[in-house]
Amino acid sequence: MDAGRSALDLDLPAPPAALAQMAALLARPTCDLATLSELIESDMALASALLRTVNSALFKLSGRIQTVREAINYLGFRQVGGITLQHGLRAAFPQVPELDLLWQRAAARAELMGTLGQSLGFDAWAAHSAGLFEECGKALLFRHAPARYRSLWAQASSDDGVLIALEQHAFGASHDILGAALCETWGLRPSAVHSVRHHVEFHRTLELPGQDSHRAVCAVSALAHRILSCSADLDRCVDRLAEQLAIDPAKITAVIPALADGRAASP
């Protein structure tokens, strides 16, 4: 990871202190409500962004949430942590239209991966944060060379395999490697770092890389990728991932209602 960064002379944005501490707190087996709320409230910009989001039309609340503690009680630790991390990550990059769609995808992917991870008994926070950071290496390269990266994006036409080859040729580094480096800098769990580093490859092959403790988050990423892209091979994806994780495919199917309904209707 350092080699690609050095070749670009690329400085990775550092997280606000409150976010770094929050990521460490949420990575623990248990998380204290008072400690988490105090951490978020210690950064006025993060706290304000969180409350704006919670009180937006997105959540359709009947009443107004006034404090971070109320937000945590309403949404839960993971979702509040995810919203806060998302705002901190976005704030580290240029606020330009080209990145808006990337952040929208990141938010949807993170929420889906966190929900799938929790439903499957995996590390939900690692899954959520991996989903949020999966494409952040693209934002890093865009920030480094906006005009040049716009051209690469256009040439790749939504094919991340093609984009990685173009990035390597143009910059000597690719967004998966740089994204994983940013994950490490921001204190994400090793399983999340591993998923971001290898996501382009296992999305294509469905071959889960690395040690068993990291494979679950990779599996959730591959599953979310197929769901969000409305892939026709979702059924095959479930069977392939279940085989590598040594679990019953029905356990995965049960957390994907559309797929569960389809299988139930099969003769």
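The coordinates are above.
This write-up is about the structure you can find in this document. Worth saying up front: this structure is predicted, and the values here are computed from it rather than measured.

Looking now at the overall build of the protein. The number of helices and strands found in the protein is 17 helices and 0 strands. The C-alpha atoms of the protein give 19 Å as radius of gyration, which agrees with the globular expectation for 267 residues (18 Å, within 12%). Here the C-alpha coordinates of the protein stretch approximately 50 × 50 × 35 Å along the principal axes. Per-residue burial for the protein yields a buried fraction of 50% across its 267 residues. As displayed, the protein has an accessible area near 12200 Å², and 53% of this comes from carbon and sulfur atoms.

At a minimum axis distance of 13 Å, the contact between helix α9 (residues 136-144) and helix α11 (residues 160-171) shows a crossing angle of 40 degrees. For the crossing formed where α9 meets α11, the hand is left-handed. Of α11, the residues touching α9 (which contributes K138, L141 and H144) are D160, L163, E167 and F171.

The next thing to look at is the pattern of salt bridges. On inspection of all chains with the given rule, the structure shows 14 salt bridges. The closest approach of N and O atoms between R78 and E111, which form a salt bridge, is 3.7 Å. Residue R78 is located in helix α6 (residues 77-91), and its partner E111 is located in helix α7 (residues 97-119); the two are separated by 33 residues in the primary sequence. For R240, the salt bridge goes to E243, with nearest N and O atoms at 3.2 Å. Here R240 pairs with E243, and both are found in helix α15 (residues 234-245), just 3 residues apart, close to one helical turn. Several salt bridges converge on common partners, so that one network encompasses R105, R109, E134, E135, K138 and D160.

Basis of the calculations
- Residues numbered from 1 in each chain as written.
- Predicted model: local features only at pLDDT ≥ 70, side-chain atom pairs only at ≥ 80, totals over all residues.
- Heavy atoms only, no water.
- Helix = DSSP H or I, 4+ residues; strand = E, 2+ residues; numbered from the N terminus.
- Rg over C-alpha atoms; globule rule 2.2 N^0.38 Å.
- Buried < 20%, exposed > 50% of the residue type's maximum accessible area, 1.4 Å probe, protein only.
- Areas by Shrake-Rupley, 256 points an atom, 1.4 Å probe, with all protein chains shown as cover.
- Axes fitted to C-alpha atoms, helices over the stretch in contact; angles between N-to-C directions.
- Left-handed = near helix turned anticlockwise from the far one by under 90°.
- Contact = heavy atoms within 4.5 Å.
- Salt bridge = Lys/Arg side-chain N within 4 Å of Asp/Glu carboxyl O.

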